[in-house]
Amino acid sequence: MQLYSTLSRRLEELLTDTVRMYVCGPTVYDLIHIGNARPFIVFDALRRYLESQGKKVIHVQNITDVDDKIINRAREEGVPPSQVAARYTEEYFRDLEGLGVNPPTHSPKATEYVPKMVEFIEKLVEKGHAYVVEGDVYFSVATFPEYGKLSGKVLEELEAGARIAVDEKKRDPLDFALWKAGRPGEPKWPSPWGEGRPGWHTECVVMAMDILGVPLDIHAGGNDLIFPHHENEIAQAEAATGEEFARIWLHNGMLTVRGEKMAKSLGNFSYARDVVAEYGTEAVRYFYLSRAYRKPLDFSEAALREAKRAVEGVYGFLWEAEALPEEGEIPEAFSLELSSLEEKFHARLSDDFDTAGAIGALQEIVGAAHRLRQAGGGPTGLRAAAALLRRLAQPLGLFQTAPPQAKGLAEELIQLLVELRAALRRERNFALADHIRTRLAELGVELRDGPEGTIWLLRGRNQKAG
RNA sequence: GGCGGCGUAGCCAAGUGGCAAGGCGAGGGACUGCAAAUCCCUUAUUCCCCGGUUCGAAUCCGGGCGCCGCCUCCA
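For clarity, every value in this text was computed on a predicted model and none was experimentally measured.

K.L.:
Account for the nonpolar core, naming residues and giving values.
P.N.:
Core analysis: the largest hydrophobic core is formed by 86 residues, its most contacted members being Ile34, Leu46, Ile218, Phe353 and Phe399. Both domains that meet at this core, namely domain 1 (2–252) and domain 2 (281–396), each give it at least three residues. Grouped together as the second largest cluster of nonpolar side chains are 42 residues, Leu174, Trp179, Met207 and Leu212 included.

K.L.:
Before we move on, can you summarise helix α4 (residues 114–126) with the specific residues and values?
P.N.:
Between its first and last C-alpha atoms α4 spans 18 Å; for 13 residues at 1.5 Å apiece the expected length is 18 Å, and the two agree. Listing the buried residues of α4 in full gives Val114, Met117, Val118, Phe120, Ile121 and Leu124. The arc that holds the buried residues of α4, viewed along the axis, is 165 degrees, so those residues lie on one side. Opposite its buried face, α4 presents the exposed residues Pro115, Glu119 and Glu126, each directed more than 90 degrees away. Just downstream of α4 lies Gly128, where phi reads positive at about 80 degrees.

K.L.:
Can you tell me about the environment of Asn36, naming the residues and giving the values?
P.N.:
Here Asn36 lies in the loop between β3 (18–23) and α1 (37–52). Along the backbone, Asn36 and Phe269 are 233 residues apart, and their C-alpha atoms lie at a distance of 9.9 Å. At a separation of 2.9 Å, a polar atom in the side chain of Asn36 contacts the main-chain amide nitrogen of His33.

K.L.:
An account of the pattern of salt bridges is needed here, citing residue identities and associated values.
P.N.:
This model, assessed by the stated rule, comprises 35 salt bridges. Salt-bridge contacts for Asp44 lead to Arg48; the nearest nitrogen and oxygen are separated by 2.9 Å. Remark: Arg48 and Asp44 occur in helix α1; sequence separation between them is 4 residues, near one turn of the helix. For the pair Asp44 and Arg48, one class covers both residues: buried. A salt bridge links Asp68 to Arg197; the shortest N-O distance between them is 2.7 Å. On the criterion of sequence distance, the pair formed by Asp68 in helix α2 (residues 68–77) and Arg197 in strand β8 (residues 196–198) is long-range, its members being 129 residues apart. Residue classification places Arg197 among the buried residues on the basis of a relative accessible area of 3%. Within the structure, one salt-bridge network assembled from shared partners comprises Asp30, Arg73, Glu77, Arg87 and Lys264.

K.L.:
Give me unusual backbone geometry: which residues, what numbers.
P.N.:
Here the amide bond leading from Val214 into Pro215 is cis, since omega sits at -5 degrees, within 30 degrees of zero. For Pro215, the location among the structural elements is in the loop between α6 (202–211) and β9 (216–222). Cis geometry marks the peptide bond from Phe227 to Pro228; its omega dihedral reads 0 degrees. Structurally, Pro228 can be placed in helix α7 (residues 226–241). Not every positive phi belongs to a glycine, and Asp352 is a case in point at roughly 55 degrees.

K.L.:
I'd like a rundown of the sheet that holds strand β12 (residues 260–261), residues and numbers included.
P.N.:
Taken in spatial order, the 3 strands of this open sheet run β12-β11-β13, and their pairing is mixed. Each edge of the open sheet is held by one strand with a lone partner, namely β12 and β13 (297–299). Two elements, strand β11 (residues 255–257) and β12, share 2 bridges in a ladder whose sense is antiparallel. By the bridge assignment, Thr256 is partnered in β12 with Lys261. The sheet strands contacting helix α9 (residues 281–289) are β11 and β13, and the helix crosses β13 at an angle near 145 degrees.

K.L.:
Lay out the packing of aromatic side chains with the relevant residues and their values.
P.N.:
This model, assessed by the stated rule, comprises 15 aromatic pairs. Here Phe43 and Tyr293 contribute two aromatic rings whose centre-to-centre distance is 6.2 Å and whose plane-to-plane angle is 70 degrees, an arrangement assigned as edge-to-face. Of this pair, Phe43 sits in helix α1 while Tyr293 sits in the loop between α9 and β13, placing them 250 residues apart in sequence. For the ring pair Tyr315 and Phe399, a centre distance of 5.7 Å and an interplane angle of 75 degrees mean the geometry is edge-to-face. Residue Tyr315 is found in helix α10 (residues 301–322), and its partner Phe399 is found in the loop between α13 (379–393) and α14 (408–426); the two are separated by 84 residues along the sequence. According to the relative accessible area criterion, Tyr315 is buried, its value standing at 0%. Judged by its relative accessible area of 2%, Phe399 is buried. By the ring-pair criterion, three or more aromatic residues cluster together here, those being Tyr286, Tyr315, Trp319 and Phe399. It is Arg171 that lies over the ring of Tyr131; its NZ or CZ is 3.9 Å from the centre. Over the face of the ring belonging to Phe269 we find Lys264, whose NZ or CZ atom lies 5.9 Å from the ring centre.

K.L.:
Hey, could you go over the side chain of His219 for me, with residue numbers and the actual values?
P.N.:
Tracing the backbone through its elements, the reader meets His219 in strand β9. For His219, a relative accessible area of 0% puts it in the buried group. Beyond its immediate sequence surroundings of up to four residues, His219 is in contact with Tyr22, Cys24, His230, Glu233, Phe245, Ala246, Ile248, Trp249 and Leu250.

K.L.:
Residue-level account of the sheet that holds strand β10 (residues 246–252), with values.
P.N.:
Across a sheet, strands are paired by hydrogen bonds formed along the backbone, either parallel or antiparallel in direction. Taken in spatial order, the 4 strands make up an open sheet running β4-β3-β9-β10, and their pairing is parallel. Only two strands of the sheet have a single neighbouring strand rather than two, namely β4 (56–61) and β10. Averaged over all pairs of adjacent strands, the angle between their axes in this sheet comes to 20 degrees, without regard to strand direction. Looking at chain direction, β3 and β4 are connected through 6 bridges and run parallel. Within β4, the residue paired with Tyr22 across the bridge is Val60.

K.L.:
I'd like a description of the pairing of strand β14 (residues 445–450), backed by residues and values.
P.N.:
The pairing of β14 with strand β15 (residues 453–458) spans 6 bridges and is antiparallel. Across the sheet, residue Val445 finds its bridge partner in β15, namely Leu458.

K.L.:
Just give me the short version of the domain arrangement of chain A, but keep the residues and values in it.
P.N.:
Taken domain by domain, chain A holds domain 1 (2–252), domain 2 (281–396) and domain 3 (408–465). Each of domain 2 and domain 3 has a C-alpha centre, and these two points are 27 Å apart. Every contact between the two is made by 7 residues of domain 2 and, on the other side, 8 residues of domain 3. Summed over the shared surface of domain 2 and domain 3, the result is 1 salt bridge. Viewed at the interface, domain 3 and domain 2 are joined by 2 residue pairs in polar contact (both at pLDDT 80 or more). The biggest single contributor to the side of domain 2 that touches domain 3 is α10, with 6 residues.

Conventions and cut-offs
- Residues numbered from 1 in each chain as written.
- Chains lettered and ligands numbered in written order.
- Predicted model: local features only at pLDDT ≥ 70, side-chain atom pairs only at ≥ 80, totals over all residues.
- Heavy atoms only, no water.
- Core = buried A, V, L, I, M, F, W, Y, C linked by side-chain atoms within 4.5 Å.
- Buried < 20%, exposed > 50% of the residue type's maximum accessible area, 1.4 Å probe, protein only.
- Domains from an automatic or database assignment.
- Helix = DSSP H or I, 4+ residues; strand = E, 2+ residues; numbered from the N terminus.
- Expected span 1.5 Å × (residues − 1).
- Arc of directions from axis to C-beta.
- Polar contact = N/O pair within 3.5 Å; in protein donor to acceptor, adjacent residues only side chain to side chain.
- Salt bridge = Lys/Arg side-chain N within 4 Å of Asp/Glu carboxyl O.
- Pairing = 2+ DSSP bridges.
- Contact = heavy atoms within 4.5 Å.
- Axes fitted to C-alpha atoms, helices over the stretch in contact; angles between N-to-C directions.
- Phe/Tyr/Trp six-rings, centres within 6.5 Å; stacked < 30°, edge-to-face > 60°.
- Lys NZ or Arg CZ within 6 Å of the ring centre and 35° of its normal.

In structure tokens, the structure reads:
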């Protein structure tokens, strides 16, 4: 398995049997939008794929539950910040479930790590990498010569940029806060520098090192976090330990809307749960996984509708094939074709987790199976194709839904209508026969007439989340 | 301005040195009572443009053009 690392700017082999992976999680001040969901979906799929390949993955994804935005939201609502954080933490897990994302192995909260963050900051102060000013603690970028190695930025040019707000407490405009002195009405914790709260960037480092140890095998997040967030993480972590912080840095591309990044501040966003409710979990996953994770991806209704149709097409094959009896042999040539497609699927994923190429291979399985049937191939071959497709797609969280079943009376009534329609067709009463077909379709029962008679499938309703 | 990335058919999108995956859509044909589903054919002699390297380039190199992200909180 090779993955493109932002740090080395090339493909890196993932060597270890146990993969310790850290993914930047949400700040819980509001519901996540569909763009926020991209890393959650993609890196969860990566995790599951690695697991399916026999690796053990420890997936840590933090929850930032102390932050300016949470405090602001709490102020607006007139409730304590902890209440805002608790509420949106719960909603975050609910959204993950709706997106078909497995919960991470560990979901540490920043507020549970404050004492360890204090310890960590003390170490940086002792080593001369951080300094204290009026209860604030800042990291001194000048003491870390490799600063900029992740983002490719050069210190002098950054300083020349001068877009950074001038804070006269800092020795250098690029220095960043490790600890912020407490202000009235804000959450605070005790520290050697007085009461306060941890600054940005520190929680990820402390939680990752505490749970996973260094170096991490994988550190992942959106590419908008490369600078300054991940750059600052590297600076702190490596200044404190003197060791490499993470081997492979993965960054997903942004979700855009008409070419512009989806962002709360731009107002061009949709809540993840609303999109899931409209198009279904699998259409959303298919939409994301149909595009290389590092590239930008444009969100639109048309794109989601297309994904949904593509998913329905695959299920149309799966559900029909699985209803067939075991009968006949799998033709040798077909068996070979399936093997080669399976190989292609793995080859694509092994090359920087090319889910789009891998999905192409899955679609080719469907096409190959249809051609087999057209050529009069036995049901066993079709069932084998369906089984392979399901097995391969499992780590991607796609195509695992069982055919919806009509139970008991409903099943018998559908069967009765199908028989009734067959009789009407024999009598050439097509008007009434077609009426039955149309009405059943409206109820989600799709009829497929074939040489051996009519089969029916239940459609649609199960493809929504929940 | 600096750093990073992108530009492949009507649309979406893989592929990154050896005949251009896949999906959606469109047109024609087969099947059907008509449809749906499915199959076959057609929809990129060509991969933003211009040069170069090579027996051979969408893929490598040089130079343009266009778009986006980061440089401030941001998945």
